[in-house]
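# Descriptive structure summary
Listed here are the chains, written in short residue letters.
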Amino acid sequence: MQYAVEGMHVITVEGIGNARDGLHPVQERLSKAHGSQCGFCTPGFVMSMYSLLRNTRGSPTELQIEECLAGNLCRCTGYRPILDAFKGFAQPSATSYTRETIRSDGGLECANGHIKEAKGESGAMENGKLEASGVQICPTTGQPCSCTKPGPLCATSVKNGVEEGLMSSKEPIFPVELRKHVPASLALPGTTSTWHRPVTMPELLGLKAQHPSAKLVGGNTEVGIEMKFKHADYPVLIAVTHVPELKKMEVEDDGVRVGASCTLTQIYQLLSGLADEIPKYKLSAFEAICGQLRWFAGHQIRNVATLGGNIVTGSPISDLNPVLIASGAVFSIAAESSVDRKVPARAFFLGYRKVDLKPSEVLVDIFIPFTRRQEYVREFKQAHRREDDIAIVTAGMRVWLSDDFVVKEAGISYGGVAAKTVTASKVEQALVGCLWGKEAMKMALDAVKEEVCVPVGAPGGMAEFRNSLAASFLFKFFMRVSYDLEADSPAFKHTFGQDCQSAVEEFDRPPSCGTQYFAEPTSEFDIVGKPERHRSADVQVSGEAQYTDDIPVSGCLHAALVTSSKPHALIVSVDPSDALLVPGVHGYFDHKHVPGNNMWGPILHDEELFATEIVTCVGQVIGVIVGETQAIAQRAARLVSVEYDELPAILSIADAIEAESFFPSYRGQIDCGDVDKAFLDCDHEISGEFECGGQEHFYLEPQTCVVLPQENEELLMYASTQALYHHAETVAETLGIPINKVVCKTKRIGGGFGGKETRSEFLNAVTAVAAWSLRKPVRLCLDRDEDMKITGQRHAFIAKYRVGFNKDGRIIAVDLKCYSNAGNSLDLSPPIMDRCLSHSDCTYRIPNMRARGFLCKMNIPSNTAFRGFGGPQGMLFADMWLDRVALSLGKRPEEIREVNMYCEGELTHFGQPLESCQIRSCWEEVLSRSDYEMRKAKVQEFNSNSRFKKRGIAVTTTKFGIAFTLYLMNQAGALVHVYTDGSVLVTHGGVEMGQGLHTKMCQVAAQALGVPFETVHISETSTDKVANASPSAASQSSDLYGGAVMDACKQIADRLAPYRSQSPDAPFVEIVKKAYADRVDLSAHGFFITPDVTGWGGKRPFNYFCYGAACSEVELDVLTGDWHILRTDIVMDVGNPLNPAIDIGQVEGGFVQGMGWLCLEELVWGDKANAWVRPGHLQTCGPGTYKIPTANDIPIDFRVSLLRNAANPRAVHSSKAVGEPPFYLSASAFFALKDACYSARRAAGLEGWFDLKAPATPERLRLACGRTDVESLKEEL
Ligand SMILES: Cc1cc2nc3c(=O)[nH]c(=O)nc-3n(C[C@H](O)[C@H](O)[C@H](O)COP(=O)(O)OP(=O)(O)OC[C@H]3O[C@@H](n4cnc5c(N)ncnc54)[C@H](O)[C@@H]3O)c2cc1C
Ligand code: FES
C-alpha cells in the first residue's frame, strides 16, 4: 500500500479539519445534519464526499452525490441524514440556495429535510444554525455566502491550484514538490514480497521474463483480496500502473483502444464523453460498457480497478467480459521473447479463472470497435443488490441487422452461468440469417434453453433463477433492440402492445428525498425534547473519535483465534509447534491455560471457552496464538494443525425438527382462551409453514478488545461491547478472581445491534487468558469474515401455523409452533423465543391462542440478540398468516388488519392490558399521510398498463413491548459529579453505540439541574464507576439510565435548593461554589428500577408498548426480480421524544436495517440446500457476498412522522423507547413486494395466495412471479 501511493498526496479525514481548530464544511454539515450515529463509517463518508468535491468542476449534482456515496456502507443511520447533509453541496437550483422554501401544502421545508408543520399544527424543529432563514448558502461549501454568482463561478475560482470557493481556507494544497515528481522505477523489498514498479514497457516485459510467476498488480482490488482472504503468497509483485503503453486511451478510425491499466473511471469518462464527437450509431458498444460500469462495484473501486485486471482475473461473473466478447473486442498481448499477438475476447477465456496468457505475457491494451448502422449492443446484470454487488448473471448481447432487418451478425455472451464467461454460439447461429422478429427470437430462446443450463447444485446455487435470467435477458434484448430499431428505422415496426414497454425501460432511480415531521418543545427552557446533535458528532466526523482498536497501549501483543473447521467432530490432536516457530510469536493458549472456569454462557454455562474434546460448530474457539503483530499472529494461527474425527452434524432447522434436536431445558409457551374449541366454532381455517432467514449484525466496528494485566492481579479491559459488567463477570470467573479486580471500560462502540451483548464475552475471556498467562497486554480485533463466521446472528425461524377465522375476517384462534436455529449453545435463545411468542400477535387481538417455541440445537455458531430480539420474527408470522386469511376471503390485508387491530385496554394473548394504546392513531395517520387509497388505485392503474414492471403497496403495523423480560435486569445506576466551575460529569451504566444515549442523558441531566446542555459531559462507561449494570439492550437504556440520572441529579438539586432560593437569579456556578464552601456533597449516585414490571411469566412483563405504522410502495421487474422502494411513510409513537432528531435517526436506521433483513440480506450456510458450500460453513461472510442496504436502496421518498400528543406516563419525561420498535416497520416493504408479485402472478394466470420466504431476494421474487421458463417467455412475444 505504501509503495503503491509513492509520489501521491494522501489526505486523510484528520487532515481536512478537526473539532478544536474547526471542521471542514463537509464534516460540519454531516455533524449538524445528524448524519453520524456510531460514527465508525463517518470518516469514509466524509472523504468520499470530499474527494467528489475536489474532483468535480463546479458543484456535483444530487445524483452524483448519491452515486458517489453508494460505495460507503452505514449500518446505523439509514443514510437519509447523510444524503441530506451532503446535498447541500449539490448543484445550485432555485430552491437550494436558501434554506427555506414554501411547500405547496403550506408547510415550511428546510434544506436538511426537516419540515416545519403547516399552520395550526404544533411547531417543528429546524436544525443547524447554518440554516438561518433567507441566508444565501454556497452550494459547494454549504456555508453562508455573500457571492452573488453562486454555483460554478463561486466554485471555480482557482488560486494556487485550490478551488477557493470549493474548500475552506485551511484546505490542504497539493505539495509543490510532488507536482515536479517524475515517477521512477522502483524495486522495494518487503518482509514477504518484493514490489517492482517499472515505468517503461521493455522494463515491464523484462521483469516478467525474469520472474514469470510474478503477480502483476493494477488496481489491486482482486490481488489484494487474494492475499488478504485467500492467503495467497506472491513473493514478487509487479505494478503495471506506470507504463505509458498500458495507460493510453486512443480513439482510432474504427474504434477505441484503451490500455490495460486504465481505470474503470477513466474508461467511463472517455467512452461517455464521445457522444459529442462521434455519431451515435457508432457508440452502441460503448454505451453498453458504460451501462455496465454504472453498476460495477462502487466508485472507490472503479477509481483504481483496471480494465486489464478485470479481464485477466477471468472471473465467471465479470461484468465487462461478456460485453467485450459481444462487442467483438480484441486484446493485444506482449512478451519480451515473442512477437506481440492479438486475441479476440471470445477466445481469451479458457476455464475457471484461466485465460489465454502465458506466464511471461502481459495484456497491453483492449480494442473495442465502433458499432455500425443497425448494430446494437446491450448489457445486462442482475445482482442481489443493485449497487456495488457482483452479478448473479450478467450478459452482453449484440446484433447487426441488414437494411431489410435480417440478422447479419450476432454476439451473445453470458457470465454467471458456467465456470467461465461463455459465448452462446448456438443462440448466435439461431439468430444469424433470420428476419428480426418474433420468430427469430423464439428460435433464439429455444437455443438459450439448450445452451445455457445451470444444473441444480452448481456452485453459486439458484439454478432455476439463473437459467430464467439467461432467457429473460435475451427476451429484454429483443424488446430493447426492437424499440430502438423502430425509432431509428421508420420502416421497422414492432408489434408489441403498450404494456410491453416496461420490459424495455432500464432501471432509473432519481435522487432520494426525505422529510421528517416532529413537534418541538413548548418552553424555551426545555432542553429535553430538543433535536440536539450527537455529543460526539464533531469528533466522529473528523476521525478523532476513539474506538477500542484505536486505544494506544505500549508493548501490546496481538491475538489470533484458532477455530474449528468442522461443524461437529472429536478433536483428535492439536499441534501448535509450526505456529510457535514463526518469528514474533509469543505463545499458544487453550483450555489448559484457563485458571478458573472454562465454561461460560449468559444464562446457562453450557459453552466451553476453549473446546476441549469436541467441537460443535465451525468457528468454535480451540486456542489463541499471540504474536507481535496481528499479521504474525494470524499467519501462525493458520499453522496450528488440528486433527478431527468427524461426527454427523445438524445444519438446518428442518434437520433439527426431523431429528428432534431441541434444547430440552427450554419450554416456551403461551396459552390463551380455549384454542381447540375455538377452531370448532370458526368459519374457516388455514394451516401451513413459514420461513424467515437470519441476519448478520454487520456492525461496522468488528469485535475488538484489549486486556491489560495490572499490579496486584488486577485487570483493565477495553471492550467493544454493550455489556461491560457481564464481560467483567465472565473474565473474572474465567481467571478465578473476584470481579472487583476487573475493570471494563468503553467510550463508544461502532455499532452493536445486539451482537456485542454476549458474543463478545468469550472473545474477551480468551484474550484475557492469553494476557493473564503472558502478563502482557493483548489485543484482539476480528477480521470481518472471522467475525461474521463465528459470533452468531439473528435467529432464522420456521413457523408452523393453524389459524381459524370468521367470514368477516375476525381471527378466532391461532395455533403456532416456532422453531429457531439457536445454534450450538443456548446463549440468549430462550428470552429471544419468549419475545417471539409474546409478539406473535403483532397488533391483532387473538382471543384464543396457543404458541409454542422450540430452540433447535444445531451445529452452527450460537445465534444471539439482534435488534428486536425475536419480536420481529413473531410479528412477521402474524402478518404472513394474515395475508393468507385476507386472500382466502378475497379481502384486502388492510381490511383484515383493521378488523383485528387492538383497541385501548384490550388484553394481549399473554394477558397484559394495552394502556394508552396508540396503534389506531398511528394507523389512521399513516393512511392519511400516505394518501393510501389514492395511491393504491394508482398502483392498480399502473399495473394494468405495465406487463413486466409491477408496483405494490402495503401498510403494516408494529407493537413492541418495553422491558427486560428478566425481572432483575430492570434496574440501573448513574453517578453524577458537579464540579466547582459548574461543569457536570455524568457516568451511567449504558453504552453509547450510536443510539445517542449519552446525548439524551446529557439533556436529562441538564434539565434536571437547570444548567446549559453544553456544561454536561459524559466521558465513558466503566464498571468501576457504575457497578452491576445491565447490558445496553432491549431499547431500555434511555428509560433506565434516564431514571437513574434524574435520581442522582435530583439529589444534588435538592441539596442546592436552599442556595437557589437564597439567590434565585445567581448563575449555577455561584450556587455551586456557595454549596461547596458549606461542604455540601456535590456528587450523587442515582438508582432506578422500572416500576411494576414482573418479568416474563408475570402479569406485567412489559412496562409499556411502542406502536407504529408504515406504508411502502415498490416497483418490481417481473423478468429479473429487481426492485426498489418508491416511497415509505412512517408514523411512529415515541411518546414525547427526549430528542426528536435522534429518535428519527433510530426510526430511519431501524427501518432500513429491517428492510435489509426482509428484502436483501441472505445468509448462505453449507447445508443440504446449499451442497456447494462446505458443510457448516458460512458462505456469505463478507461484504462481497452479504449485502446490506446502501444509500441507493433506501426509499426514494422517505417520510417519517413522530406521533404527536402521545405522552407516555411510564417513562422519563413522558418519552418512549425507540431503538428496536421501528425495526419491524420494514415489513411494509416486504408485503409491498409481495403485493407486486400478486399482480404479476395474476397477469400470469396464477391466482390465490402464495408463500414468499424472507428475505425477498430477487431470486425469490422472480420465481414467485411465475412463468420463468422459456415457453412462457415465448408466449409473451
Ligand atoms: C468491493 C469489490 C467490488 C467488485 N465489484 C465488481 C463488479 O461489480 N463487477 C466485476 O466484474 N468485478 C468486480 N470486482 C472485481 C475487481 O474489482 C475487478 O475485477 C477489477 O477490474 C480488477 O482490476 P484491478 O486493477 O484491481 O486488478 P488487480 O487486482 O490489480 O489484478 C487482477 C488480476 O489481473 C492481473 N493483471 C492486472 N493487469 C494485468 C496486465 N496488464 N496483464 C496481465 N495481467 C494483469 C493481475 O495479475 C491479477 O491476476 C470487485 C472487487 C471488489 C474488491
Ligand atoms: S453511523 Fe454509520 S455505521 Fe454507525
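Residues numbered from 1 in each chain as written. Chains lettered and ligands numbered in written order. Predicted model: local features only at pLDDT ≥ 70, side-chain atom pairs only at ≥ 80, totals over all residues. Heavy atoms only, no water.

### With respect to the nonpolar core
Residues Phe86, Leu876, Trp881 and Phe1230 are the most contacted members of the largest nonpolar core, which totals 164 residues. If we ignore the near neighbours within four places in the chain, the residues touching Trp881 are Ile686, Phe690, Tyr801, Val803, Ile811, Val814 and Ile846. Counting 55 residues, the second largest nonpolar core, distinct from the first, contains Tyr376, Ala395, Leu445 and Phe473. (Core = buried A, V, L, I, M, F, W, Y, C linked by side-chain atoms within 4.5 Å. Buried < 20%, exposed > 50% of the residue type's maximum accessible area, 1.4 Å probe, protein only. Contact = heavy atoms within 4.5 Å.)

### Some thoughts on the sheet that holds strand β46 (residues 1123-1132)
One open sheet accounts for five strands, arranged β21-β47-β46-β45-β39; its pairing is mixed. Two strands close off the open sheet at either side, each with one partner strand: β21 (513-517) and β39 (949-962). For this sheet, the mean angle separating the axes of adjacent strands, direction not counted, is 15 degrees. Strands in contact with helix α36 (residues 1140-1159) are β21, β45 (1104-1117), β46 and β47 (1197-1202); relative to β47, the strand with the most contacts, it is inclined by about 130 degrees. (Pairing = 2+ DSSP bridges. Helix = DSSP H or I, 4+ residues; strand = E, 2+ residues; numbered from the N terminus. Axes fitted to C-alpha atoms, helices over the stretch in contact; angles between N-to-C directions.)

### Digging into the sheet that holds strand β41 (residues 984-988)
Pairing within the open sheet is mixed, and its four strands lie in the order β42-β41-β40-β44. The sheet is open, and its two edges are formed by β42 (1016-1018) and β44 (1083-1089), each paired on a single side. Each adjacent strand pair in this sheet contributes to an overall mean axis angle of 25 degrees, direction not counted. Pairing between strand β40 (residues 971-978) and β44: seven bridges, direction antiparallel. Bridged to Ala972 within β44 is Phe1088. Where helix α33 (residues 997-1009) meets the sheet, its contacts fall on β40, β41 and β42, and the angle it forms with β42 comes to roughly 145 degrees. Across the face of the sheet, helix α34 (residues 1037-1062) comes into contact with β40, β41 and β44 while running at roughly 140 degrees to β44.

### What to know about the site of ligand 1
In the neighbourhood of ligand 1, 31 residues make up the surrounding shell, with Leu216, Gly218, Gly219, Thr221 and Thr306 lying closest. The contact in question runs from an oxygen atom of ligand 1 to an N or O atom on the backbone of Glu222, over 2.8 Å. At 2.9 Å from an oxygen atom of ligand 1 is found a side-chain nitrogen or oxygen belonging to Asn310. Out of a free accessible area of 980 Å², ligand 1 has 90% covered by protein chains. Only β8 (215-217), α8 (223-229), α13 (307-313) and β16 (362-369) provide two or more residues apiece to the shell around ligand 1. Counting residues per element, the shell around ligand 1 draws most heavily on α13, at four residues. For the shell around ligand 1, a count of residues per class yields 16 nonpolar, nine polar and six charged. (Near = heavy atom within 4 Å. Polar contact = N/O pair within 3.5 Å; in protein donor to acceptor, adjacent residues only side chain to side chain. Areas by Shrake-Rupley, 256 points an atom, 1.4 Å probe, with all protein chains shown as cover. Nonpolar A, V, L, I, M, F, W, Y, C, P; charged D, E, K, R; others polar.)

### What to know about the UniProt feature "domain: FAD-binding PCMH-type" (unreviewed entry) in the protein
Following the UniProt record, one finds the feature "domain: FAD-binding PCMH-type" (unreviewed entry) at residues 188-373. This span, residues 188-373, is 35% helix and 26% strand, and a straight line between its end C-alpha atoms measures 51 Å. (UniProt positions renumbered as here; feature names shortened; annotations may be inferred.)

### Here we look at the UniProt feature "binding site: FAD" (unreviewed entry) in the protein
If you check UniProt for "binding site: FAD" (unreviewed entry), the listed places come out as Leu216, Val217, Gly218, Gly219, Asn220, Thr221, Glu222, Val223, Phe296, Asp319, Leu363 and Lys381 in our numbering. What stands out for the annotated residues spanning 166 residues is how far apart their C-alpha atoms range, the widest pair being 28.0 Å apart. Among residues more than four places away in sequence, those in contact with Thr221 are Ile301, Val304 and Ala305. Counting through the fold element by element, Lys381 comes out in strand β17 (residues 375-383). You can call Lys381 buried: its relative accessible area is 12%. Not counting residues up to four positions away in its chain, the partners in contact with Lys381 are Gln292, Trp295, Phe296, Asp319, Arg386, Asp389, Ile390, Ala391, Val393, Thr394 and Phe473.

### Re the environment of Pro872
Looking at where Pro872 falls in the secondary structure, it is placed in helix α29 (residues 871-889). Taking the C-alpha atoms as reference points, Pro872 and Pro1221, 349 residues apart in sequence, are found 9.0 Å from one another. Among residues more than four places away in sequence, those in contact with Pro872 are Arg794, Arg867, Trp1157, Phe1223 and Tyr1224.

### A word on the environment of Leu274
Its location among the elements puts Leu274 in the loop between α10 (264-272) and α11 (284-294). For Leu274, a relative accessible area of 2% translates into the label buried. Taking C-alpha positions, Leu274 is 48 Å from Val1131, a pair spaced 857 residues apart along the chain. When residues no more than four places from it in sequence are discounted, the contact partners of Leu274 are Val251, Val256, Leu283 and Phe286.

### A word on a nonpolar patch on the surface
A contiguous nonpolar patch, built from Leu966, Tyr967 and Leu968 and spanning about 340 Å² of accessible area, is present on the exposed surface. When you line up the elements, Leu966 lands in the loop between β39 and β40. (Patch = residues over 30% accessible without salt bridge, like charges linked within 9 Å, V, L, I, M, F, W, Y side chains within 5 Å. Salt bridge = Lys/Arg side-chain N within 4 Å of Asp/Glu carboxyl O.)

### Focus: the confidence of the model for the protein
With 94% of its residues at a pLDDT of 70 or more, the protein shows a mean pLDDT of 92. Ignoring residues within four places in sequence, the model shows residues 93-167, a span with pLDDT below 50, making 169 contacts including any to other chains. (pLDDT = per-residue confidence, 0-100.)

### Considerations on the packing of aromatic side chains
This model, assessed by the stated rule, comprises 29 aromatic pairs. Judged by centre distance (6.3 Å) and plane angle (65 degrees), the rings of Phe690 and Trp1249 are edge-to-face. Of this pair, Phe690 sits in strand β31 (residues 684-692) while Trp1249 sits in the loop between α37 (1227-1243) and α38 (1258-1264), and the two are 559 residues apart along the sequence. You can call Trp1249 partly exposed: its relative accessible area is 23%. Ring plane angle 15 degrees and centroid distance 4.9 Å describe the contact between Tyr819 and Phe854, whose orientation is recorded as stacked. In this pair, Tyr819 is assigned in strand β37 (residues 811-823) and Phe854 in strand β38 (residues 848-857), connecting sequence segments 35 residues apart. Accessibility expressed as a relative area gives 7% for Tyr819, which makes it buried. Classification of Phe854 as partly exposed rests on a relative accessible area of 23%. (Phe/Tyr/Trp six-rings, centres within 6.5 Å; stacked < 30°, edge-to-face > 60°.)

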